[in-house]
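An overview of the molecular structure
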Amino acid sequence: MRHTVQVPMRWSDMDAYQHINNVAFLGYFEMARVELFFDQPTHDQRTGMRRGLVVASHEIAYKRSVVYDAEPLEVQLWVSGIRAAAFTCHYELFDHGALAVTGSTLLVPFDFALNRPRRLTPEEKAFLGRWTDEPIGA
């Protein structure tokens, strides 16, 4: 299943060419991730996602340019590769219904008190399992 988030563009996200700057898309992906992993009313305190996740890597592919508009962008996200101490979050970003950007983030649960990665709990794996899907075209 995918989680869908409406993400507003900011005027300051534009570059000198009047397009949304490439680095802004990582911020849009982050907004969608935060809504799913931290702001969902169904996301209970038994999982440690609220305690800490760190980004291990990003991949991003730009399919078409995006021009600033008051209409928000749509980000669809899902997870895959749920392992003992990592998982991947995938994104598809749509501008007025057209696929504009795709990406993924490798995320690692982290124990900030011990300053090291930690394993996913069974509850966290169950939560993540609700959001698994195969990317379109895979």
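Each value, and the rule that gives it
Residues numbered from 1 in each chain as written. Predicted model: local features only at pLDDT ≥ 70, side-chain atom pairs only at ≥ 80, totals over all residues. Heavy atoms only, no water. Helix = DSSP H or I, 4+ residues; strand = E, 2+ residues; numbered from the N terminus. Contact = heavy atoms within 4.5 Å. Areas by Shrake-Rupley, 256 points an atom, 1.4 Å probe, with all protein chains shown as cover. Salt bridge = Lys/Arg side-chain N within 4 Å of Asp/Glu carboxyl O. pLDDT = per-residue confidence, 0-100.

Some words on the overall build of the chain
A tally of regular secondary structure across the chain gives two helices and six strands. In the chain, the succession of helices and strands from N to C terminus is β-α-β-β-β-β-β-α. A fraction of 65% describes how many contacts in the chain between residues 6 or more apart in sequence connect residues 24 or more apart. Carbon and sulfur atoms form 54% of the exposed surface of the chain, whose accessible area is close to 7,500 Å².

Structural notes on the pattern of salt bridges
This structure, assessed with the given rule, holds four salt bridges. Measuring nitrogen to oxygen at the nearest pair gives 2.7 Å for the salt bridge that ties glutamate 124 to arginine 118.

Section: the confidence of the model for the chain
Here the chain averages 89 in pLDDT, while 87% of its residues score no lower than 70. When the elements of the chain are averaged for pLDDT, helix H2 (residues 122–129) gives the smallest value, 89, and strand E4 (residues 87–95) the largest, 98.

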